[in-house]
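Fold and contact review
Read off the chains here:
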Amino acid sequence: MNETRLQYAILLVLIVFIIILISLAASVFVRKKRSKRLQRIKIILATSIGSQLKNSEPSYPTKIINILKKELKLNYGFMAIANVLVELQEIILLPQTEKPMAIINKIGLDSKIFNKLKSKNSYKIALAIKYSYELGIIKHCEHFKQYTNHKNVNLRREAQLGLFVFEGWGGFKYLSNITQPMSLWQIIRIMEVLEKHPLPASLVQVKNMLCSKHSDTIILALYCANHFELVTLNNEILPCLDSGNERISKLAVQFKLMLEAKTRPKVIVGGDKEIILKTSTSNGSIYT
Amino acid sequence: MGPFTHSLDWFFLVYGIVLFSCYFLFVFFATRAIKKNKNNASLLTPNQIKGAKELPSISLIAPAYNEGKTIIINVQSLLSIQYPYYKLIIVNDGSNDNSLEQLIKAFDLVLSTTPIKAQPIKSAPIKDIYTSANPLYKKLTIINKENGGRADALNCGIANATTDLVLCTDADCIIEQDALIKMVRPYLQATQKEVIATGAGIGIANDSIINNGTLQTLKIPKSFIAKVQVVEYMRAFLVGRMAWGYINGLFLVSGAFGLYPKKRVLEVGGFDKDTVGEDLELCIRLRVHMERLKLPYDVVYIPETLCWTEAPATPKVYITQRDRWARGLYETIKKHRYLFYNPKYKSSGMLFFPYWVCFELCAPIVEFIGLILLILYIILGEINYSIAILLFILIYFIGAVYSALAILIYTYNFKQYATFSKVFQLVLVAFIEPFTTHPILLYAEMKGYFKKIFRIKSTWGTMSRKGFVTNKD
């Protein structure tokens, strides 16, 4: 290779690297600025929601609304505001009836989230579903159903959770035909959500799931039976003891033990009760 | 110069191009992996995990050998971790100092009445087991055993754990409060693939201020050699391991902070006591085990720094550490050489292991031979100075830019070093490092290889520590 051309090539590579370094350094400082702005939004929203709790007729100054609307226009701006609202909910522990719907509607956050539900990006849809159910935007619920068996694990998890949040035990009817595997978190969260809803008179959906061909659906039903001590499902669960699937048979054994324990007086054993509980309940069998 | 040296020149050029291309491919994969991790974290937040009623239980296992200087503060730190279901097992590996006495006094320890069971993995005999009489420390168990080395102590801890997962760490590590919450996420999110190991970023806390066992103020270390290691760790953990994790090719989950399913670790017989690179060896063995069982698996890395440690602050200790790492790498590669281009082990055998052999094991050797050749060329006057200097500048600059990119990616994503002065200091270190500590590193690695090649008996090596800066207020 010609010496001069080689020198030019090396110089070009050096220049490219310098440009990469400078642009990355600049983005670090832009990001820092953005995190400061988000902090300001958090304070604004906290103050506004605080006033909403004190007064029945909350007032949001136009200045605040404009700041939030401006943030919403940015890419992932909806995420920043929704995140702050969810975080504030966790701190203030707002009941379902007192969700900050006024501010959500006023700045158009609900329609922004709805637009994201139609996105082609699985992550954005999952995020939109999560914010919809966490902020109590029930009108979006209908759109979750199409994603319950989606190939993206995060998306189908959020869609299923959303349905359970809004429909309680009725959420099981959307899981009867799922073929995609479930994560431990999906099961844990479904149980937590169901705890907030009263046990239905008929457990036909759970029974149907126990007859499913898909092992993960059976696992969820067994988990549910163990968690809520659904002893009436005895006849449907006992055949699972002979299942070829290790997790299914282990959960069925736990159900059997729970049944037996319910029919005899309890004996408290020594040691760390918390840990004993953890290893003996359904959770302990997840890694089998 | 003959055709042999001409071929060698081409070999070095191609080797360098491939290696640097891999590095920049790593940067690309690492940024994708960090983004994926952030997306997962935004859908499954630490707060949600913290609030969950049912989570896998974890045993935190920390071997301690003559850690008297820092043992109390470190155990306090390990006890203050936020996770609803965890136990802390400190394995006193036959310390000659007063570690055990200090622990007994500080944590109201009493001899456990539970009889010592038969161990599922062999380890040096257990002398006694202590638990705390103080309900505040009910999570704590101390196993006092005869000395058997780090791997042996970890095996003893794993054998005595009663939980789903085991987190192997060191007693001299400061672990972030929410570390377990973040570490457990891959296990909670897993579907088809079983997570067989999870690691996370490890940071350097020399000269930083520790308060009540937690990192209060992170400072850039005063010692230059420790400063260099901050950059090294960013490069290795944030870029290297994240990239390998992204393509499920991770072979190493750091011994200082790795979470494993207990069942799988017991199946493979725990850590190998015959190597000083026991973390790398276990990870490879776990992968091989899953390949043989024909089960899908994943080794996951978390980009956040969740564990802080004290890095060697003097060249002598640094050389001891890197010499040991080089020996560990050599031993492990030699032990698992059957993997090399073995299609039975799929990508692990055909791609990831050959990379480790060619670019992790052989890179110092290639560099060493290259240096000798360079000196020879200079002596023989067989060098084109204008091209050589330009190439030298290019190689130097690529190396420094790679480090600077790691620093900037870290700063972009995490707040720990996100001040102008810290970034400036670290970038400066990245540009000075090739002339200062890199030759020391090369020397240490070659020393380790020579010890192995010429079968010179060597041990773990003494790692003298200064101890963390603590704030008693």
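Refer to the preceding data block for the structure.
Summarised in this report is the structure supplied together with it. Note that the coordinates shown come from a computational prediction; the quantities given were computed from them, not determined experimentally. (Residues numbered from 1 in each chain as written. Chains lettered and ligands numbered in written order. Predicted model: local features only at pLDDT ≥ 70, side-chain atom pairs only at ≥ 80, totals over all residues. Heavy atoms only, no water.)

Structural notes on the packing of aromatic side chains
Residues and elements named next belong to chain B. Rules: Side-chain rings of Phe, Tyr and Trp (the six-membered ring for Trp) are treated as a pair once their centres are within 6.5 Å; stacked means planes under 30 degrees apart, edge-to-face means over 60, and tilted covers the remaining angles. Runs of H or I in DSSP of at least four residues are treated as helices and runs of E of at least two as strands, each being numbered from the N terminus. Three exposure classes are used, based on accessible area relative to the maximum for each residue type with a 1.4 Å probe and protein chains only: buried under 20%, partly exposed in between, and exposed over 50%.
Across all of its chains, the model carries 38 aromatic pairs over all chains by this definition. Ring centres of Tyr 15 and Phe 359 lie 5.0 Å apart, and the angle between their planes is 40°; this geometry places the pair in the tilted category. Note that Tyr 15 is positioned in helix H1 (residues 3–43) and Phe 359 in helix H11 (residues 346–361), a separation of 344 residues in sequence. Neither residue differs from the other here; Tyr 15 and Phe 359 are each classed as buried.

So, the pairing of strand S6 (residues 165–169) of chain B
Residues and elements named next belong to chain B. What counts is decided by this rule: Any two strands are treated as partners once DSSP identifies two or more bridges connecting them.
Extensive coverage of S6 is indicated by the burial of 5 of its 5 residues. Burial along S6 is two-sided: Leu 165, Leu 167 and Thr 169 and Val 166 and Cys 168, pointing in opposite directions, are all buried. Pairing geometry for strand S1 (residues 58–64) and S6, over 4 bridges, is parallel. Along S6, the bridge assignment pairs Ile 58 with Leu 165. The sheet contact formed by S6 and strand S11 (residues 257–261) spans 5 bridges and is antiparallel.

Details of unusual backbone geometry
Residues and elements named next belong to chain B. A positive phi is found at Asp 207, a non-glycine position, where the angle reads about 70°. Structurally, Asp 207 is set in the loop between strand S8 (194–204) and strand S9 (209–211). Unusually for a residue other than glycine, Tyr 341 sits at a positive phi of about 50°.

Digging into the pattern of salt bridges
Selection rule: The term salt bridge refers to a pairing of a side-chain nitrogen on Lys or Arg with a carboxyl oxygen on Asp or Glu at a separation within 4 Å.
Within the structure shown, the criterion is met by 25 salt bridges over all chains. One salt bridge in this structure joins Glu 167 of chain A and Lys 173 of chain A, with 3.4 Å as the shortest N-O distance. Since its relative accessible area comes to 28%, Glu 167 of chain A is described here as partly exposed. Here Lys 263 of chain B and Glu 267 of chain B are joined by a salt bridge, their closest N and O atoms 4.0 Å apart. Note that Lys 263 of chain B and Glu 267 of chain B are positioned in helix H8 (residues 262–267) at a spacing of 4 residues, about one turn of the helix. Residue Lys 263 of chain B is classed as partly exposed on the basis of its relative accessible area, which comes to 28%. Since its relative accessible area comes to 37%, Glu 267 of chain B is described here as partly exposed. If you follow the salt bridges from partner to partner, you end up with Asp 93, Lys 145, Asp 152 and Lys 273 of chain B in one network.

Remarks on the nonpolar core
Note the cut-off: Put simply, a nonpolar core is a bunch of buried Ala, Val, Leu, Ile, Met, Phe, Trp, Tyr and Cys residues held in one set by side-chain atoms that sit within 4.5 Å of each other. An automatic or database domain assignment provides the domain bounds reported here. It only takes one pair of heavy atoms within 4.5 Å for two residues to be counted as in contact.
Counting 233 residues, the largest nonpolar core has Leu 109, Leu 135 and Phe 172 of chain A together with Ile 90, Phe 257 and Tyr 260 of chain B as the members making the most contacts within it. Examining the composition of this core, we find that 13 residues originate from one element, helix H13 (residues 385–413) of chain B, more than from any other. Counting contributing residues, this core receives three or more from each of domain 1 (60–147) and domain 2 (174–288) of chain A. Excluding anything up to four places from it in sequence, Ile 90 of chain B contacts Ala 62, Ala 64, Val 75, Leu 78, Leu 103, Leu 140, Thr 141, Ile 142 and Ile 143 of chain B.

Focus on the interface of chain A and chain B
Applied cut-off: The quantity reported as buried area is the accessible area (1.4 Å probe) lost by two parts once they are put together, taken as the sum for both. In the analysis that follows, any N or O atom pair within 3.5 Å is treated as a polar contact, provided that within protein one partner can donate a hydrogen and the other can accept it, and provided that, for residues neighboring in sequence, both atoms belong to side chains.
In this assembly, 50 residues from chain A lie in contact with 54 residues from chain B. A buried area of about 4,600 Å², summed over both sides, lies between chain A and chain B, and 65% of it is on carbon and sulfur atoms. Taking the shortest distance from any N to any O, the salt bridge between Lys 53 of chain B and Glu 195 of chain A comes out at 2.5 Å. On inspection of chain A and its partner chain B, the count reaches 12 residue pairs in polar contact (both at pLDDT 80 or more). Secondary-structure elements contributing two or more residues to the side of chain A that touches chain B are helix H1 (3–54), helix H3 (77–92), helix H6 (122–134), helix H7 (153–167), helix H8 (184–195), helix H10 (215–227) and helix H13 (273–280) of chain A. It is H1 of chain A that contributes the most residues to the side of chain A that touches chain B, 17 residues altogether.

Some words on the sheet that holds strand S4 (residues 126–132) of chain B
For sheets, the rule is that strands pair by backbone hydrogen bonds, running either parallel or antiparallel. Residue and element names in this part refer to chain B. Note the threshold: Only the stretch in contact is used when a helix axis is fitted, and all axes are lines through C-alpha atoms; the angle between N-to-C directions ranges over 0 to 180 degrees.
Read from one edge to the other, the open sheet built from 10 strands follows the order S3-S4-S5-S2-S1-S6-S11-S8-S12-S7, with strand pairing classed as mixed. Of all the strands in the sheet, the pair left with one neighbour each is strand S3 (109–111) and strand S7 (174–175). Sheet topology note: the strand S2 (residues 86–93)/strand S5 (residues 140–145) ladder contains 6 bridges and is parallel. Note that in S5 the partner of Asp 93 across the bridge is Lys 145. Against the sheet, helix H3 (residues 71–79) makes contact with S1, S2, S5 and S7, and its axis sits at roughly 160° relative to S2, the strand it touches most.

Quick look at a positive patch on the surface
Residue and element names in this part refer to chain B. How we decide: Patch membership is restricted to residues that have no salt bridge and whose relative accessible area is over 30%. Joining uses 9 Å for like charges and 5 Å for the nonpolar side chains Val, Leu, Ile, Met, Phe, Trp and Tyr. Accessible surface is estimated by sampling points in the Shrake-Rupley manner with a 1.4 Å probe; for residues, cover comes only from the protein chains shown. In this tally, Asp and Glu contribute negative charge and Lys and Arg positive charge; neither His nor the terminal groups of the chain are included. For this purpose, a charge sits on NZ of Lys, CZ of Arg, CG of Asp or CD of Glu.
Together, Arg 292, Lys 294, Lys 344 and Lys 346 line one region of the surface with positive charge. Along the chain, Lys 346 falls in helix H11. Its relative accessible area of 54% is what places Lys 346 among the exposed residues.

Some points on the side chain of Glu 281 of chain B
Residues and elements named next belong to chain B. Here Glu 281 is to be found in helix H9 (residues 278–293). In this structure Glu 281 comes out as buried when scored by relative accessible area, which is 0%. A distance of 2.8 Å separates the side chain of Glu 281 from the side chain of Lys 335, its partner in a polar contact.

Quick look at the pairing of S1 of chain B
All names here are of chain B. Cut-off, in case you're wondering: The crossover handedness rule: strands pointing away from the viewer, path from first strand over the helix to second strand clockwise, crossover right-handed.
Buried residues dominate S1, accounting for 7 of its 7 residues. Covered by surrounding structure in S1 are Ile 58, Leu 60, Ala 62 and Ala 64 together with Ser 59, Ile 61 and Pro 63, the residues of both alternating faces. With 7 bridges connecting them, S1 and S2 associate as parallel partners. Bridge pairing in S2 links Pro 63 to Val 91. The parallel pair S1 and S2, bridged by H3, forms a crossover whose chirality is right-handed.

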